[in-house]
Amino acid sequence: MFNKSLLATALLVVAISAQARSLLDGDYVLSEWRHAGVTQREPKKATLSISGDRVSGFSGCNRYSGGISTLPKLKVGPLASTRMACLDEQAAQVESAVLGVLDKAQRYRLQKGNRLVFLAAKGERLIFVRQPDAIEQVLYIAPETKACTGVVPMNCLQTRESPAAEWTLFYDHIEGFDYVAGKSYKIKVRREKVANPPADASAFKYVLLEVLGD
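A brief structural summary. (Residues numbered from 1 in each chain as written. Predicted model: local features only at pLDDT ≥ 70, side-chain atom pairs only at ≥ 80, totals over all residues. Heavy atoms only, no water.)

**Some points on the packing of aromatic side chains**
The geometry of two aromatic rings is summed up by the distance between their centres and the angle between their planes.
Then step 1. Counted by the stated rule, this structure contains four aromatic pairs.
Then step 2. Seen in terms of ring centroids, Phe118 and Phe128 are 6.2 Å apart; in terms of plane orientation they differ by 85 degrees. Their pairing is edge-to-face. One end of the pair, Phe118, is in strand 9 (residues 115-119); the other, Phe128, is in strand 10 (residues 125-130), with 10 residues separating them in the sequence. Assigned by exposure class, Phe118 and Phe128 land together as buried.
Then step 3. For the pair Tyr179 and Tyr185, a centre-to-centre distance of 6.1 Å together with 50 degrees between the ring planes defines the contact as tilted.
Then step 4. Residue class for Tyr185 comes out buried when judged on its relative accessible area of 7%. (Phe/Tyr/Trp six-rings, centres within 6.5 Å; stacked < 30°, edge-to-face > 60°. Helix = DSSP H or I, 4+ residues; strand = E, 2+ residues; numbered from the N terminus. Buried < 20%, exposed > 50% of the residue type's maximum accessible area, 1.4 Å probe, protein only.)

Here it is, written out as structure tokens:
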């Protein structure tokens, strides 16, 4: 006998699941993590993209991808990742946190529509901030670069978004910006989302809009 009640329940579950996925769909940047007893805010760039029942992103050294479901409970993975060596200690920490917490995530919260929090056992968490397709931002550039390791060993700009913030390594290229060693800069850039970035590449590109001063 055809059971209308069971069919209605199944359709409701599918509808709720689709709605939850649509609320989570988007591109995010990691803003904070806690893993293995360590908490870090404003870490090296790691990203997350959610589209339907798929997740992908950049974990610090490598790109990853896998599945995601929210019903009957949160499940992320199994995750597959590229296998570039993580020679930078801080990037390796970020990667361990991103992949470790996502793999063990038990719950999630969507806060104010733009902060996506994944929660695992023992207070471990990842906090991602949803990103628009393009934003404008001001960057301060230090007069010296520092050795860093992305896909290959290189020299990175040191940047910060306010004079009081700490310098962080900047792994990307800024189109139209000609850096001169020994000189400080204050610049305005546009950050744009990159569709289908290649493995181990950033999910964003940066374009110089204006040099504001030093």
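**Description of the nonpolar core**
Then step 1. Within the largest apolar cluster, 23 residues are counted, with the highest numbers of intra-cluster contacts made by Leu48, Phe118 and Leu126.
Then step 2. For this core, the element with the most residues is helix 2 (residues 89-104), which contributes five residues.
Then step 3. The next biggest cluster of nonpolar side chains, apart from the first, holds 13 residues, and it includes Ile174, Ile187, Ala203 and Phe204. (Core = buried A, V, L, I, M, F, W, Y, C linked by side-chain atoms within 4.5 Å.)

**Quick notes on the pattern of salt bridges**
Then step 1. Counting across every chain of the model gives five salt bridges.
Then step 2. Between Arg41 and Glu32 there is a salt bridge whose closest N-O contact spans 3.5 Å.
Then step 3. By relative accessible area, which is 13% here, Glu32 ends up buried.
Then step 4. Across the salt bridge formed by Arg190 and Glu192, the nearest N and O atoms sit 2.5 Å from each other.
Then step 5. Connected via shared salt-bridge partners are Glu175, Arg190, Glu192 and Lys205. (Salt bridge = Lys/Arg side-chain N within 4 Å of Asp/Glu carboxyl O.)

**Quick notes on the pairing of strand 5 (residues 63-69)**
Then step 1. Within strand 5, five of the seven residues are buried, which leaves it mostly tucked inside the rest of the structure.
Then step 2. Note: strand 4 (residues 54-58) against strand 5, five bridges, orientation antiparallel. If you follow Gly57 over to strand 5, its bridge partner there is Tyr64.
Then step 3. Connecting strand 4 to the antiparallel partner strand 5 that follows it, the hairpin turn spans four residues, and Gly60 within it adopts a positive phi of roughly 130 degrees.
Then step 4. Taken together, the two bridges between strand 5 and strand 7 (residues 80-81) define a ladder with antiparallel strand orientation. Looking at the pairing, Ser65 lines up with Ala80 of strand 7. (Pairing = 2+ DSSP bridges.)

**Here's the deal with unusual backbone geometry**
Then step 1. Here the residue pair Leu71 and Pro72 is connected by a cis peptide bond, since its omega of 0 degrees sits within 30 degrees of zero.
Then step 2. Among the secondary structure elements, Pro72 is positioned in the loop between strand 5 and strand 6 (75-76).
Then step 3. Residue Gly77 is joined to Pro78 through a cis peptide bond whose omega torsion reads 5 degrees.
Then step 4. Of note in this structure, Ala36 is not a glycine but carries a positive phi near 55 degrees.
Then step 5. Along the chain, the position of Ala36 falls in the loop between strand 1 (26-35) and strand 2 (38-41).
Then step 6. With relative accessibility at 61%, the residue Ala36 sits in the exposed group.
Then step 7. Non-glycine residue Lys122 carries a positive phi angle of around 60 degrees.

**Here's the deal with the state of the cysteines**
By definition, a disulfide is the covalent link that joins the sulfur atoms of two cysteine residues.
Then step 1. Summed over all chains, the structure comprises two disulfides.
Then step 2. Between the sulfur atoms of Cys61 and its disulfide mate Cys86 the distance is 1.6 Å. Here the disulfide of Cys61 and Cys86 is right-handed, its torsion about the S-S bond being about 80 degrees. Residue Cys61 is located in the loop between strand 4 and strand 5, and its partner Cys86 is located in the loop between strand 7 and helix 2; the two are separated by 25 residues in the primary sequence.
Then step 3. Exposure remark for Cys61: the relative accessible area of 11% places this residue in the buried category.
Then step 4. In this model, Cys148 is linked to Cys156 through a disulfide, with the two sulfur atoms separated by 1.9 Å. Across the S-S bond of Cys148 and Cys156 the torsion is about 85 degrees, and the bridge reads as right-handed.
Then step 5. Once the disulfide-bonded cysteines of the protein are ranked by sequence position, their pairing pattern turns out to be 1-2, 3-4. (Disulfide = S-S within 2.5 Å.)

Read these as geometric descriptors, not functional statements.
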